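Structural overview for review
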Amino acid sequence: MIEMLILAILAIPGDIISFNLNESAYLSVSSNCLFLDSTFADPGEHYLYVGLNCSAGKYFLLVNGTEFLDLEVKEVNESQIIGSATNYQMKFIKLKGQLKRYEETLSELNKRVDELEKEKSMLEVQNKLLNDNIERLQLDLAKMKVELTSKTSEIQDLRSQIESVSGENQIYRAIALFLISLFAGSYVAIIYQAKKF
């Protein structure tokens, strides 16, 4: 709960008054020469701006309709106006410097984002090429597997034929040996008989 301790503050036109809230609240002011950084305020630090058009007198900051700040604005003299203008000028220069730094940072971030976008595009192209190569290699591998299966089958057929031919060759050799033996034996017998006569 916001403590409703009324704070009495002396101010002159051009002042900025900070105050803290410990919970969310609705803020309002008693005059349109006062300005707030927010009407519906979250917990934390907030600011009340005393306009240069504020005349001397009493003003109020209200929190949820209840008086929170009792503000007494004093007459302003020329040196105070010059002081306020100088402060505003210094703040303006400081803010301008901050803005320049932020713009430079933003420019660097935009450049980095552009570089990352280009890198991302290149990686996407490379990824597509790699995927295309993978698909092509998978097709080639599938064809080679089919060809390997076919060649394996052909090799098995050739081995069977070789075994068959080898078996037949053994038979032919045995027959040839038998015939040679038969003819050789017959020839020897004929010669032997011929010598007898």
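None of these values were measured; they are calculated from a predicted model.

Observations concerning the sheet that holds strand 2 (residues 16-21)
Ordered in space as 2-6-4, the 3 strands form an open sheet in which the pairing is antiparallel. Each edge of the open sheet carries a strand with a single partner, namely strand 2 and strand 4 (34-36). Neighbouring strand axes in the sheet, compared pairwise and without regard to direction, differ in orientation by 25 degrees on average. With 6 bridges connecting them, strand 2 and strand 6 (residues 44-50) associate as antiparallel partners. Across the sheet, the residue bridging to Ser 18 is Tyr 47, located in strand 6.

Overview of the state of the cysteines
A full pass over the atoms with the stated rule returns 1 disulfide. At a sulfur-sulfur separation of 1.9 Å, the disulfide partner of Cys 33 is Cys 54. Its S-S torsion of about 90 degrees marks the bond between Cys 33 and Cys 54 as right-handed, since a negative value means left-handed. Of this pair, Cys 33 sits in the loop between strand 3 (25-29) and strand 4 while Cys 54 sits in the loop between strand 6 and strand 7 (57-63), placing them 21 residues apart in sequence. Residue Cys 33 is classed as buried on the basis of its relative accessible area, which comes to 4%. Residue classification places Cys 54 among the buried residues on the basis of a relative accessible area of 6%.

So, how was this worked out
Residues numbered from 1 in each chain as written. Predicted model: local features only at pLDDT ≥ 70, side-chain atom pairs only at ≥ 80, totals over all residues. Heavy atoms only, no water. Pairing = 2+ DSSP bridges. Helix = DSSP H or I, 4+ residues; strand = E, 2+ residues; numbered from the N terminus. Axes fitted to C-alpha atoms, helices over the stretch in contact; angles between N-to-C directions. Disulfide = S-S within 2.5 Å. Buried < 20%, exposed > 50% of the residue type's maximum accessible area, 1.4 Å probe, protein only.

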